[in-house]
Amino acid sequence: MSWEDDIMRITVLAVPDCPNAPVVAERLAQALGDRDADVDRIEVSDPEQAARLGMTGSPTVLIDGADPFAVPGAPASLSCRLYRGPDGRVEGAPSVADLRRALAEAAPAGDCDCPPMDAAGRGGRGRLAPQAGGLRAVQQAVLGHFAVTGHSPTAEDLQAAAAAHGRMAAEVVADLAADDFLAQDDHGRIRAAYPFSAVPTAHRVALASGIEVFAMCAIDALGIPDMLGTDAVITSTDPVTGETITVTSTGGHTTWQPPTAVVYIGQRSCTGPAADVACGALNFFTDRDTAQSWAEAHPDYTGTTVDQARAEELARSIFHPLLTPARPVDGRG
């Protein structure tokens, strides 16, 4: 089924003249993008109505009748509701990033019409952030920090790049997260900056500099050597057999072991942050049979198996532009 076949219903419950109702409306519009949805606003003026509709503070957002931000045991209420954003700040409305995550989790799973390839590349929009507002400068500072240190930067590490554009680093990072150029944890820390992961994953990349980094998925791992202009060794594991898979990149040429290794590219829904809807299904496999076995065991994902050349081509198209002009980290090239 496509998104158009099952229109999502979104209801915003708010007391009259709630100052955060327009904020929710604006953020919902950003989170939805070009997606179709029925969005209604209902004014709630008495406790009985709040209880009947499931409102636990103004504003409350319901997606297909459910509150994705519900706090267990919270009573019906007409009081102002508070939400903790991805940067850790408390606001009177859900953040764009949290709304996108909620929409993705509520979306029909497993049989959407969008091509699985798009999950790695933001629906064809690419992963290079726009220059406006210091987004690209801070994105490249984040990626550079990962490449040099192996771990994610703090706001202080990024402040110089943000200040050059008259902004605070935390604000720019939140904007990058809202548009899925990176992902934050519940405390506002960077947990992913495609292609890098701040936490261990199945995909380890040893750079020629001696630094080791983790990649979000197989495609991200393949994109790291080309993006950084460095030799690297990628080590991963077949999720079915547990067998080790290595990809050695030397001077821009790769060697895969075992030679039969492939990559499965899938996604759980058509929209949402790649870290949530796709990265779990972009894996290395020893051969097409194990990839097919994994796919059959995970019907919540849809996707396809690609050969080594196609996987490398996809990784290159997504990640090569991110650090342009090229910034080699080991002196190669």
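Residues numbered from 1 in each chain as written. Predicted model: local features only at pLDDT ≥ 70, side-chain atom pairs only at ≥ 80, totals over all residues. Heavy atoms only, no water.

### Here we look at the overall build of the protein chain
Part 1 of the argument: Across its full length, the protein chain carries 10 helices and 18 strands.
Part 2 of the argument: Across the 333 residues of the protein chain, 48% fall into the buried class.
Part 3 of the argument: Counting only contacts in the protein chain whose residues sit at least 6 apart along the sequence, the fraction spanning at least 24 positions is 64%.
Part 4 of the argument: Total accessible area on the protein chain stands at roughly 14,700 Å², and carbon and sulfur atoms take up 52% of it. (Helix = DSSP H or I, 4+ residues; strand = E, 2+ residues; numbered from the N terminus. Buried < 20%, exposed > 50% of the residue type's maximum accessible area, 1.4 Å probe, protein only. Contact = heavy atoms within 4.5 Å. Areas by Shrake-Rupley, 256 points an atom, 1.4 Å probe, with all protein chains shown as cover.)

### Observations concerning the environment of Tyr83
Part 1 of the argument: Within the secondary structure, Tyr83 sits in strand E6 (residues 83-84).
Part 2 of the argument: Sequence-wise, Tyr83 and Pro94 are 11 residues apart; in three dimensions their C-alpha atoms are separated by 5.6 Å.
Part 3 of the argument: In this structure Tyr83 touches Pro59, Thr60, Val61, Phe69, Arg89, Val90, Glu91, Gly92, Ala93 and Pro94, once residues within four positions along its chain are discounted.

### Remarks on the pairing of strand E4 (residues 60-63)
Part 1 of the argument: Neither face of E4 is open: one carries Thr60 and Leu62, the other Val61 and Ile63, and all of them are buried.
Part 2 of the argument: Across four bridges, the pairing between strand E1 (residues 8-14) and E4 is antiparallel. Counted as the bridge partner of Leu13 is Thr60 from E4. (Pairing = 2+ DSSP bridges.)

### A few points about the sheet that holds strand E9 (residues 190-193)
Part 1 of the argument: Spatially, eight strands are ordered E8-E9-E10-E12-E11-E13-E14-E15 in an open sheet, and the strand pairing comes out antiparallel. Looking along the sheet, the strands with just one partner apiece sit at the ends: strand E8 (183-184) and strand E15 (253-257).
Part 2 of the argument: As paired elements, E9 and strand E10 (residues 196-197) share two bridges and run antiparallel to each other. Residue pairing for E10: Ala193 is matched across the bridge by Phe196.
Part 3 of the argument: Contacts from helix H4 (residues 135-149) reach E9, E10, strand E11 (203-207) and strand E12 (212-215) within the one sheet, and its direction differs from that of E9 by about 95 degrees.
Part 4 of the argument: Most of the contacts of helix H7 (residues 218-228) go to E11, to which it runs at about 15 degrees, and overall it touches E10, E11, E12, strand E13 (232-237), strand E14 (244-250) and E15. (Axes fitted to C-alpha atoms, helices over the stretch in contact; angles between N-to-C directions.)

### Comments concerning the sheet that holds strand E16 (residues 262-267)
Part 1 of the argument: Spatial ordering of the open sheet is given by E17-E16-E18, a layout of three strands whose pairing is antiparallel. Single-partner strands in this sheet number two, and they are strand E17 (282-285) and strand E18 (302-306). Mean inter-strand twist for the sheet, computed between neighbouring axes without regard to direction, equals 20 degrees.

### Description of the nonpolar core
Part 1 of the argument: Val138, Phe196, Val205, Ile219, Leu222, Val263 and Phe284 are the most contacted members of the largest nonpolar core, which totals 54 residues.
Part 2 of the argument: For this core, the element with the highest residue contribution is H7, accounting for seven residues.
Part 3 of the argument: Aside from chain neighbours lying at most four places away, what touches Val263 is Ala218, Ile219, Leu222, Trp256, Asn283, Phe284, Thr304, Thr305, Val306 and Ala311.
Part 4 of the argument: Listed in part, the 17 residues of the second largest apolar core include Met8, Val24, Ala31 and Val61. (Core = buried A, V, L, I, M, F, W, Y, C linked by side-chain atoms within 4.5 Å.)

### Considering the side chain of Ser58
Part 1 of the argument: Among the structural elements, Ser58 can be located in strand E3 (residues 56-58).
Part 2 of the argument: A polar contact is formed between the side chain of Ser58 and the backbone nitrogen of Val15, at a distance of 3.0 Å. (Polar contact = N/O pair within 3.5 Å; in protein donor to acceptor, adjacent residues only side chain to side chain.)

### A closer look at the confidence of the model for the protein chain
Part 1 of the argument: Put simply, the protein chain has an average pLDDT of 85, and 84% of its residues get 70 or more.
Part 2 of the argument: Averaged pLDDT values over the elements of the protein chain bottom out at 62 in helix H8 (residues 274-277) and peak at 98 in E13.
Part 3 of the argument: Note that pLDDT drops below 50 for residues 1-5; the model gives that stretch 12 contacts with residues more than four away or on any other chain.
Part 4 of the argument: Note that pLDDT drops below 50 for residues 109-119; the model gives that stretch 35 contacts with residues more than four away or on any other chain. (pLDDT = per-residue confidence, 0-100.)

### Some words on the environment of His187
Part 1 of the argument: Inspection of the secondary structure assignment puts His187 in the loop between E8 and E9.
Part 2 of the argument: Sequence separation of His187 and Arg84 is 103 residues, and the distance between their C-alpha atoms is 9.0 Å.

### Some words on the pairing of E14
Part 1 of the argument: A one-sided burial pattern is seen for E14, the buried positions being Ile245, Val247 and Ser249 and the unburied ones Thr244, Thr246, Thr248 and Thr250.
Part 2 of the argument: Pairing between E13 and E14: six bridges, direction antiparallel. Of the residues in E14, the one forming a bridge with Thr237 is Thr244.
Part 3 of the argument: Linking E13 back to E14 in an antiparallel pair, the connection comprises six residues, with Gly242 at a positive phi of about 80 degrees.
Part 4 of the argument: Of the pairings in the sheet, the one linking E14 to E15 comprises five bridges and is antiparallel in character. Paired with Thr250 across the strands is His253, a residue of E15.
Part 5 of the argument: Linking E14 back to E15 in an antiparallel pair, the connection comprises two residues, with Gly251 at a positive phi of about 60 degrees.

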